Every structure is written in structure tokens, then in C-alpha cells.
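Architecture and fold: a report
Take a look at the letters that make up each chain.
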Amino acid sequence: MNKVAFVTGGTRGIGRQIVLTFAKAGYDIAINYREESEDLQTIKSEIEQLNVKCVQVKGDVSDFDMSEKMVKEIIDKMGKIDVLVNNAGITKDMLIMRMKSADFTDVINVNLVGTFNVTKNVIPYMMKQRDGRIINISSVVGISGNAGQTNYSSSKAGIIGFTKSLAKEVASRNILVNAVAPGFIETQMTDVLKDEVKEEISKTIPLKRMGNVQDVANVVKFLASEDSSYITGQVINVDGGMLM
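Description of the structure in this document. (Residues numbered from 1 in each chain as written. Predicted model: local features only at pLDDT ≥ 70, side-chain atom pairs only at ≥ 80, totals over all residues. Heavy atoms only, no water.)

**Here's the deal with the overall build of the protein chain**
- The helix and strand tally for the protein chain stands at 9 helices and 9 strands.
- On C-alpha atoms alone, the protein chain measures out to a radius of gyration of 17 Å, which is about the 18 Å that the 2.2 N^0.38 rule sets for 244 residues.
- Structurally, the protein chain occupies a C-alpha span of about 50 × 35 × 35 Å along its principal axes.
- In the protein chain, which comprises 244 residues, the proportion classed as buried is 49%. (Helix = DSSP H or I, 4+ residues; strand = E, 2+ residues; numbered from the N terminus. Rg over C-alpha atoms; globule rule 2.2 N^0.38 Å. Buried < 20%, exposed > 50% of the residue type's maximum accessible area, 1.4 Å probe, protein only.)

Pasting the structure below:
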């Protein structure tokens, strides 16, 4: 019986590549999404061509009741959740002098509260089966901070604290909890940057390049595997040495 990986925000960018990487490794997949899109249908088709199951559950992770409903639907259809990847996230960048209260609250609610909501509903099933992997997608700015991102940086720093605390709570049940902190990764979010801006960013990275989504997905897959069975409560930076 295949293991089941549940990835929130799994239709685009890093989340999409994580989903495909798990599917190629033989995992059955559950994807959370918030809105219908062509990306949703495309990713489902790609997954099913790999001869694994795919369940898509619609819902806003910032809503606790929706999160509970999504998890129950996955359990009903798949029977279990072996791996949870809390990837769903948003940005609303703005200097704090101009940032609206809603811009701060919205980012915290999706990125940090959403991580709690989904995890809270998955944990009872993992505790019962005495096994599980939870991988939270944080960010290097949750460690270093970044001007114009007080909301985003706060949410990602919160995820790191959440990860470490939860890892201590559930280790006795063989549930491993870790975080991955990407640096500058080539996604639709960074595609809007001008080439000269990307070049300047690359100069600040020891490896002299921006990362790609597969770089992140590879680390997530490792943390979900038996090869990481003695690793919990850790934050792995995938940043080309930027925060070395």
C-alpha cells in the first residue's frame, strides 16, 4: 500500500514540484487548493499518469473548520495521511508605514495559523498510527528578516518556533517534524523581477545562482523518507549558502 502525502497549496511553484516529486516516488497524493484553476487539472493529470492516486480537496487553510473537513475527506478517501507538507502561503509585501492591518493579519492567518489548523487536524491520525512526517515550509527571511516583509517574516519565523515545539511534543509517537527554509527560488513570484535584479541577488549567494523548485522538493522528499529517521525539530536552509 502506497504512502499518502498531503500537500497544501500544491498546484503551483514549490508546492507543485513537491507533489510531482512525491508522485514519482510512488506516493499517493492529496492536494489542497483554494480556487479552481487550469493548474489544478494539469497537475492531477500529470499525477495520474504516474499510476498513483490523486485526491484534491478545496478549502482555505486559514479556516479551522475547512481544514478539519479537508483532512476528514482525505482520510475517508485515502485511509491515512503519512506525510503532511504545510506549503500554502501568501505574501502582501509593504513597508510597515504603509502596511494595512489586514495585510499583516491575512498573511499570518494563511501562513502561520493555516499551518496550525491543518496540523492540528492531521496529528490525531498520525498519533494513532504512531508514525508520521510533518514538513513545514518556512523561509530564510523567517531567520534573517527582510525589509518590506514584516508580515511574511513574522509568519515564517512563527513556523520555525511551531516546528521545534511540535517536534518535542510528538517525538515519542515516531512523528518527525521539520522545516525547510528556501532562499531565493525561481518561481512565478520571482519571475516578475527584472533580470538585472536577479543578477544582483545571485551575486549575494555563495553558489552564485538562484535555486529552483526541485532543489526544495528534494529536501522535502528526504525529510519524508526513512533516510531522515533520526532528524526532527530541525530547519534546513535551501539557499545556496546565503545565510551561511
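**Focus on the environment of D28**
- For D28, the position within the fold is in strand 2 (residues 28-33).
- Given a relative accessible area of 8%, D28 falls into the buried group.
- Each C-alpha atom, one on D28 and one on F6, is 8.7 Å from the other, the two residues being 22 residues apart in sequence.
- Beyond its immediate sequence surroundings of up to four residues, D28 is in contact with N2, K3, V4, A5, V52, K53 and M78.
- There is a polar contact of 3.2 Å between the side chain of D28 and the side chain of N2. (Contact = heavy atoms within 4.5 Å. Polar contact = N/O pair within 3.5 Å; in protein donor to acceptor, adjacent residues only side chain to side chain.)

**Re the sheet that holds strand 4 (residues 83-86)**
- Spatially, 7 strands are ordered 3-2-1-4-5-6-9 in an open sheet, and the strand pairing comes out parallel. Each edge of the open sheet carries a strand with a single partner, namely strand 3 (54-58) and strand 9 (235-238). Across the sheet, the mean angle from the axis of one strand to that of its neighbour is 20°, orientation sign disregarded.
- In this structure, strand 4 lies alongside strand 5 (residues 132-137), joined through 4 bridges in parallel fashion. From the neighbouring strand, V85 faces strand 5, where its bridge partner is I135. (Pairing = 2+ DSSP bridges. Axes fitted to C-alpha atoms, helices over the stretch in contact; angles between N-to-C directions.)

**As for the environment of D60**
- By the secondary structure assignment, D60 is in the loop between strand 3 and helix 3 (64-78).
- Spatially, the C-alpha atom of D60 lies 5.6 Å from that of R34, the residues being 26 residues apart in sequence.
- Apart from residues lying up to four places away in sequence, D60 is in contact with R34, M66 and S67.
- Within the structure, D60 has its side chain in polar contact with the side chain of S62 (distance 2.8 Å).

**Examining the pairing of strand 6 (residues 175-182)**
- In terms of burial, strand 6 is largely enclosed, as 8 of its 8 residues are buried.
- Taking every second residue as pointing to the same face, both faces of strand 6 are buried, with I175, V177, A179 and A181 on one and L176, N178, V180 and P182 on the other.
- Looking at chain direction, strand 5 and strand 6 are connected through 6 bridges and run parallel. Note on strand 6: the bridge partner recorded for R133 is L176.

**Thoughts on the nonpolar core**
- Of all hydrophobic cores here, the largest spans 32 residues; its most connected members are F6, I81, V122 and I134.
- Element by element, the count of residues in this core is highest for helix 4 (residues 101-129), at 6 residues. (Core = buried A, V, L, I, M, F, W, Y, C linked by side-chain atoms within 4.5 Å.)

**Describing the side chain of R133**
- Its location among the elements puts R133 in strand 5.
- Not counting residues within four places of it along the chain, the set of residues in contact with R133 comprises D82, V83, L84, M126, N174, L176, L223, A224, S225, E226, S228 and S229.

By themselves these figures say nothing about function.
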